[in-house]
Every structure is written in C-alpha cells, then in structure tokens.
Amino acid sequence: MLDLVAIIVRDYDEAIDFYVNALGFTLREDTPQPGKRWVVVDPPGGGTGLLLARAATPEQRDRIGDQTAGRVGWFLTTDDFARDHARFQAAGVRFDEPPRHEPYGTVAVFRDLYGNRWDLIQPTSKG
C-alpha cells in the first residue's frame, strides 16, 4: 500500500488550511520535529495521504508549485463531481477549465494554493 506522497509547501499552516478547509482533507498528524514538522493530511474518503513537506533549500523552494513540470500530478476522486466542484469553487479553488465529460469520467483541472495541477474526477461507473 502506498501510504504517503510528499508535496513541497512554503508554509505548514497555510498548506493545512488549504487542504483541510478548501479541499476537505483531514489532518492526520502534525508532530513537531527539530527544525520542521511532520504534517500529514488525508483525502476525503481515505486513500494515500499527503506529507506536507516545507521547503528547506533553495532548490526545494524553486519547485514549489511546479513539482510535476506543469503536468497534472495528483488525482482527487469524488463520488459527486457537481457537489465537490461547487464546494471547491466556493472555497476559492481555481479551476483551469470547465468540467468536461470523458469516456473515463467527469473531470476538471484545478490548482492548489501553490499552482500545482490536480484533476478532480468522478470516474464513470463500471457496474
């Protein structure tokens, strides 16, 4: 099981605020460590958590917001696209495009608070 994926952030508290309050993630852990914190948030409904890793070097700071070279790097699955799309928009989440319907589901690309690209996707039922 893949438990965590790290995402480089500028500030722990602003990242927690965005992921918890705008995207509906749950704060799993926030443990102080010498010179840093171990901060983990889980997506709604469970799944692989995000380790919010504050940039500690100039090279890491340069990657904030562009960890995947402009590609969509994270995929947030929902069981109700319209509900979550509306909630995200009300929370100020910036979408790059209107929702579109693809053979694999309903999807729209959004940006996190740093500019990283994500898909919000409701997969097509395979039932």
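Since we're looking at a predicted model, the values are computed, not measured. (Residues numbered from 1 in each chain as written. Predicted model: local features only at pLDDT ≥ 70, side-chain atom pairs only at ≥ 80, totals over all residues. Heavy atoms only, no water.)

Chemist: Mind laying out helix α3 (residues 81-90), listing which residues take part and the relevant values?
Modeler: Turning to α3, its buried residues number three or more, namely Phe81, Asp84, His85 and Phe88. All buried residues of α3 fall inside an arc of 100° around its axis, so they share one side. For α3, the exposed residues set more than 90 degrees away from the buried face come down to Ala82 and Ala90. Considering only its buried residues, α3 is in contact with α1 (12-22), β5 (72-77), β6 (94-95), β8 (105-111) and β9 (117-123). Looking one or two residues past α3, Gly92 carries a phi angle of roughly 90°, positive in sign. (Buried < 20%, exposed > 50% of the residue type's maximum accessible area, 1.4 Å probe, protein only. Helix = DSSP H or I, 4+ residues; strand = E, 2+ residues; numbered from the N terminus. Arc of directions from axis to C-beta. Contact = heavy atoms within 4.5 Å.)

Chemist: Pulling in residues and values, what's your account of the UniProt feature "domain: VOC" (unreviewed entry) in the protein chain?
Modeler: According to UniProt, the feature "domain: VOC" (unreviewed entry) maps to residues 1-123 in the numbering used here. Across residues 1-123 one finds 22% helix and 42% strand; the C-alpha atoms that close the span lie 21 Å apart. (UniProt positions renumbered as here; feature names shortened; annotations may be inferred.)

Chemist: Just give me the short version of the pattern of salt bridges, but keep the residues and values in it.
Modeler: Evaluation of the coordinates by the stated rule reveals 13 salt bridges. The residue Arg83 makes a salt bridge to Asp79 at a minimum N-O spacing of 2.9 Å. Taking the relative accessible area as the measure of exposure, Asp79 reaches 61% and is therefore exposed. Note that Arg83 and Asp84 form a salt bridge whose closest N and O atoms lie 3.0 Å from each other. Look at Asp84 and you get buried, because its relative accessible area is 9%. Taken together, the shared-partner salt bridges connect Asp79, Arg83, Asp84 and Arg87 into one network. (Salt bridge = Lys/Arg side-chain N within 4 Å of Asp/Glu carboxyl O.)

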